[in-house]
Amino acid sequence: MPRPSLHETAAFAKLQSLVASAPDLRQPETLNAGRIAAMKSSAVGFDLLFATQRVDNQILGALQSLADETEAVAQMRQIMAGEVMNRIEGFDCENRQVMHHAMRNVFADLARPELDGESEPLIAAAREELARLEAFLEALDSGKITNAKGETFTDMVNIGIGGSDLGPKAIYLALKAYAPAGHRAHFVSNVDPDDANEVLAGLDLSRTLVNVVSKSGSTLETLTNEELVASRFRQAGLDPAKHFVCVTGKGSPMDNPAKYLRAFYMYDSIGGRYSVSSMVGGVILGFGLGLDNFRQFLRGMRKMDLNALETDSRRNLSLLAALLGIWNRDFLAIPTLAVLPYSQALSRFAAHLQQCDMESNGKRIDRRGRAVPFATGPIVWGEPGTNGQHAFYQLIHQSETVVACDFIGFRESQRGADLQVKGSSSQEKLLANLLAQSLALASGKSSDNPNKQFPGNRPNSLLIGRQLTPESMGTLLAFYENKISFQGLIWNINSFDQEGVQLGKVLANEILDALTGKAAANPATAALIEAAGLK
Ligand code: G6Q
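Residues numbered from 1 in each chain as written. Predicted model: local features only at pLDDT ≥ 70, side-chain atom pairs only at ≥ 80, totals over all residues. Heavy atoms only, no water.

Novice: Help me understand the overall build of the protein chain, please; the structure alone is not making it clear to me.
Specialist: A tally of regular secondary structure across the protein chain gives 18 helices and 15 strands. Computed over C-alpha atoms, the radius of gyration of the protein chain comes to 24 Å, within 12% of the 24 Å expected from 2.2 N^0.38 for 535 residues, which places it in the range of a compact globule. Across its three principal axes, the protein chain shows a C-alpha extent of roughly 70 × 60 × 60 Å. Looking at the protein chain as a whole, 55% of its 535 residues are labelled buried. Sequence-distant contacts in the protein chain: of pairs separated by 6 or more residues, those separated by 24 or more amount to 76%. Summing over all exposed atoms, the protein chain offers an accessible surface of approximately 22,400 Å²; the carbon and sulfur share of this is 53%. Separation between the mean location of the 52 positive side-chain charges and that of the 58 negative ones in the protein chain comes to 3 Å. (Helix = DSSP H or I, 4+ residues; strand = E, 2+ residues; numbered from the N terminus. Rg over C-alpha atoms; globule rule 2.2 N^0.38 Å. Buried < 20%, exposed > 50% of the residue type's maximum accessible area, 1.4 Å probe, protein only. Contact = heavy atoms within 4.5 Å. Areas by Shrake-Rupley, 256 points an atom, 1.4 Å probe, with all protein chains shown as cover. Lys, Arg positive; Asp, Glu negative; His and termini not counted. Charge placed at Lys NZ, Arg CZ, Asp CG, Glu CD.)

Shown next, in the form of structure tokens:
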């Protein structure tokens, strides 16, 4: 059944009529204690504080109507139940299920069999791959699988790019504090040879495993890096087939188990940017963090997935965040979102979300192929605070361009060790900065000196949890994944294909052929090669 796009809903007109009366956060009476206490929703160990968004109860009511009219939660249920939701009606497209949720639906105590429908086979496959991974990791730990000298493996290098790199790397860095002693993970993604060379430089290859990850099994960067790294193993007198494992799609050009120590599978219906909960994340995180921690991570994701089925947006955190984002993007015309975690462990989280969000919702046609007359996914970027405060926050506070901000924080640090300096701990200083930034962006500051004026009224939310653990990391990631999907469902765009990224996979070939003398270049290509000084 064709779904209404955002502008075709009754809620759209209602929301437009409410823009003029959106709360002014600069007025001293706006950010009062009652509002701050009331504009807080809590679930699965996180509190979402949104008093510093330019919404009131009327706007929140209209946003809920928007979710109801577009049947956002019912559509999320359809995704999880295995309906074909990756499609553009009437046009050639991927035409697939969207099954990343099935990968974390592996816990008996969190099962909801009435919802699982078509996804049953994939849930079973996820359990099977997890069991195979467990057996492999046990064989490594117990010394059943060793190097040629009978020594255990200490390091694993992940070779992959985009979805086969960003999520696993962001999560590994986020949870390194929980890594078992003696296991380290490393990541090579860029076809720039300096990337692999830098990583390999510090390693004892004889005790190193390599995990080659490519769903398609045909990505130029990954295949090139695999060859480059394999040649280094051969030069060191080591057999790559005894050190290399892979994660790929069944039947892909890489699906050749004889070439690898172990081959793990991911599935067509799992988009790269949503694949960290599949074996794409499983192998490197299972080795680098331990399988128990990877399971805890999946558990946190599953809990947030279940929360995404609540119909009331005040109880459904990812839906609420999606609606606030749509209000900012389509009604307050804010083009960009900064993700600002006050947690150094989340140093690559914004980079992962940038892909997840911009690859999913950077689209301009709806699910029937019609141009959409409204803005879709924002430009997403970010860095941890407080570092960012000493850099780009200048623009966030005083530029003409308004930047919506997602602040993320944890009451407790991961590693615990801390020191009182000048009457406060480092963790207290971190959190004080976080709260201060949120309030300052909202309330602004007047001054007779125009250079010291802060316009304020800059919307932001604060998502706060107790501590960044494997489980809460999973919850946090699923919160964003589901938020992004809710936005796509409400905009009625297909969040699950990536033609713009596919284009990049073929674009370089003509220039590469011209550079290597395999084919003549067209005049513009030839001129560009010359101007760049490459020939
Ligand atoms: C993710 C993207 C993209 C993809 C990479 C790697 O959603 O489609 O980033 O993950 O291009 O693709 P392969 O895993 O097929 O090598």
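We are not done yet, so read on.
Novice: Help me understand the site of the ligand, please; the structure alone is not making it clear to me.
Specialist: Taken together, 14 residues lie near the ligand, and Ser-164, Ser-214, Ser-216, Thr-219 and Glu-359 sit nearest. Take Gly-272: an N or O atom from its main chain is 3.4 Å from an oxygen atom of the ligand. A distance of 3.0 Å separates an oxygen atom of the ligand from a polar side-chain atom of Glu-359. Surface burial for the ligand is 91%, taken as the share of its 400 Å² of free accessible area covered by protein chains. Of the pockets mapped on this structure, the ligand occupies the largest pocket. For the shell around the ligand, the residue count by class is 1 nonpolar, 9 polar and 4 charged. (Near = heavy atom within 4 Å. Polar contact = N/O pair within 3.5 Å; in protein donor to acceptor, adjacent residues only side chain to side chain. 1 Å grid on protein atoms, 1.4 Å probe; cavity = no way out; pocket = protein on both sides within 12 Å on 5 of 7 lines; lining within 4 Å. Sits in = over half its atoms within 2 Å of the grid points. Nonpolar A, V, L, I, M, F, W, Y, C, P; charged D, E, K, R; others polar.)

Novice: Would you mind showing me how to read the layout of surface pockets here?
Specialist: To find leftover empty space, one rolls a probe the size of a water molecule over the atoms. Quantified by volume, the largest pocket comes out at close to 780 Å³. Lining the largest pocket are 33 residues, with Ser-216, Thr-219, Val-501, Gln-502 and Lys-505 positioned closest to its centre. Here the lining of the largest pocket takes 6 residues from helix α17 (residues 499–515), the largest share from any one element. Considering only residue class, the lining of the largest pocket consists of 8 nonpolar, 16 polar and 9 charged. (Points joined across faces, edges and corners; volume = space filled by probe spheres on them.)

Novice: Would you mind showing me how to read the nonpolar core here?
Specialist: Note that soluble globular proteins tend to have their nonpolar side chains buried in a common cluster. Formed by 124 residues in total, the largest nonpolar core has its most connected members in Trp-327, Met-473 and Leu-476. No other element matches the 11 residues that helix α16 (residues 470–491) contributes to this core. (Core = buried A, V, L, I, M, F, W, Y, C linked by side-chain atoms within 4.5 Å.)

Novice: I tried to follow the pairing of strand β5 (residues 155–159) on my own but got confused; where do I start?
Specialist: Successive side chains on a regular strand alternate, one facing one side of the sheet and the next facing the other. Among the 5 residues in β5, 5 count as buried, and that is most of the element. Burial along β5 is two-sided: the residues Asp-155, Val-157 and Ile-159 and Met-156 and Asn-158 are all buried. In this structure, β5 lies alongside strand β6 (residues 184–188), joined through 5 bridges in parallel fashion. Each residue of the ladder has a partner; that of Met-156, found in β6, is Ala-185. With helix α7 (residues 166–175) bridging β5 and its parallel neighbour β6, the resulting β-α-β unit is right-handed. Two elements, β5 and strand β7 (residues 208–214), share 5 bridges in a ladder whose sense is parallel. Looking at β7, one finds that Val-157 is bridged to Val-210. (Pairing = 2+ DSSP bridges. Right-handed = clockwise from strand over helix to strand, strands pointing away.)

Novice: Explain the packing of aromatic side chains here, please?
Specialist: Within a pair of aromatic rings, the relevant descriptors are the distance that separates the centres and the angle that separates the planes. Inspection of the entire model under this criterion finds 13 aromatic pairs. Aromatic pair Tyr-274 and Phe-496: ring centres 5.8 Å apart, planes at 55 degrees, arrangement tilted. Here the residue Tyr-274 occupies a position in the loop between β9 (262–266) and α10 (279–289), and Phe-496 occupies one in the loop between α16 and α17, the gap between them amounting to 222 residues. Of the two residues examined, Tyr-274 and Phe-496, each falls in the buried class. The cationic tip of Lys-250 hangs over the ring face of Tyr-265; the distance from NZ or CZ to the ring centre is 4.4 Å. Over the face of the ring belonging to Phe-107 we find Arg-299, whose NZ or CZ atom lies 5.2 Å from the ring centre. (Phe/Tyr/Trp six-rings, centres within 6.5 Å; stacked < 30°, edge-to-face > 60°. Lys NZ or Arg CZ within 6 Å of the ring centre and 35° of its normal.)

Novice: Would you take a moment to explain the sheet that holds β5 for this structure?
Specialist: Strand pairing in a sheet relies on backbone hydrogen bonds, with the paired strands running either antiparallel or parallel. Strand order in the open sheet formed by 5 strands is β6-β5-β7-β8-β9, and the pairing between neighbours is parallel. Of all the strands in the sheet, just β6 and β9 have a single pairing partner and so form its edges. The average angle at which neighbouring strand axes cross in this sheet is 20 degrees, direction not considered. Sheet contacts for helix α8 (residues 193–201): β5 and β6; angle to β6, the most-contacted strand, approximately 160 degrees. The strands touched by helix α9 (residues 220–235) within the sheet are β5, β6, β7 and β8 (244–249), with β7 carrying the most contacts at an inclination of about 165 degrees. (Axes fitted to C-alpha atoms, helices over the stretch in contact; angles between N-to-C directions.)

Novice: Explanation requested: the side chain of Asn-158 in the structure shown.
Specialist: Note that Asn-158 resides in strand β5. Accessibility expressed as a relative area gives 0% for Asn-158, which makes it buried. Among the polar contacts listed, one links the side chain of Asn-158 to the backbone oxygen of Ser-164, at a separation of 3.2 Å.

Novice: Could you clarify how one ought to interpret the sheet that holds strand β1 (residues 40–43) in this entry?
Specialist: The strand order β1-β2-β15-β12-β10-β11 describes an open sheet built from 6 strands, whose pairing is mixed. With one partner strand each, in any of the chains shown, β1 and β11 (379–381) form the two edges of the open sheet. Going from strand to strand, the sheet's axes swing by 15 degrees on average, the running direction of each strand aside. Examined bridge by bridge, β1 and strand β2 (residues 46–49) share 4 bridges and lie antiparallel to one another. Bridge pairing in β2 places Ser-41 opposite Leu-48. Lying over the sheet, helix α13 (residues 349–361) contacts β10 (336–341), β11 and β12 (403–410), oriented at roughly 165 degrees with respect to β11. Packing against the sheet, α16 makes contact with β2, β10, β12 and β15 (460–465), and its axis sits at approximately 160 degrees to β12.

Novice: What is the right way to read the pattern of salt bridges from this model?
Specialist: Between side chains of opposite charge, a pair can form as their charged atoms come close. Summed over all chains, the structure comprises 20 salt bridges. Here Asp-305 ties to Arg-104 by a salt bridge, and the two come within 2.7 Å at their closest N and O atoms. Placement of Asp-305 in helix α11 (residues 291–307) and of Arg-104 in the loop between β4 (96–97) and α5 (113–116) is noted, with a sequence separation of 201 residues between them. For the pair formed by Asp-305 and Arg-104, the shared burial category is buried. Between Arg-132 and Glu-129 there is a salt bridge; the shortest N-O distance is 3.1 Å. Separated by 3 residues within a single helix, Arg-132 and Glu-129 lie in helix α6 (residues 120–141), roughly one turn from each other. Exposure remark for Arg-132: the relative accessible area of 30% places this residue in the partly exposed category. The class of Glu-129 is buried, set by a relative accessible area of 5%. (Salt bridge = Lys/Arg side-chain N within 4 Å of Asp/Glu carboxyl O.)

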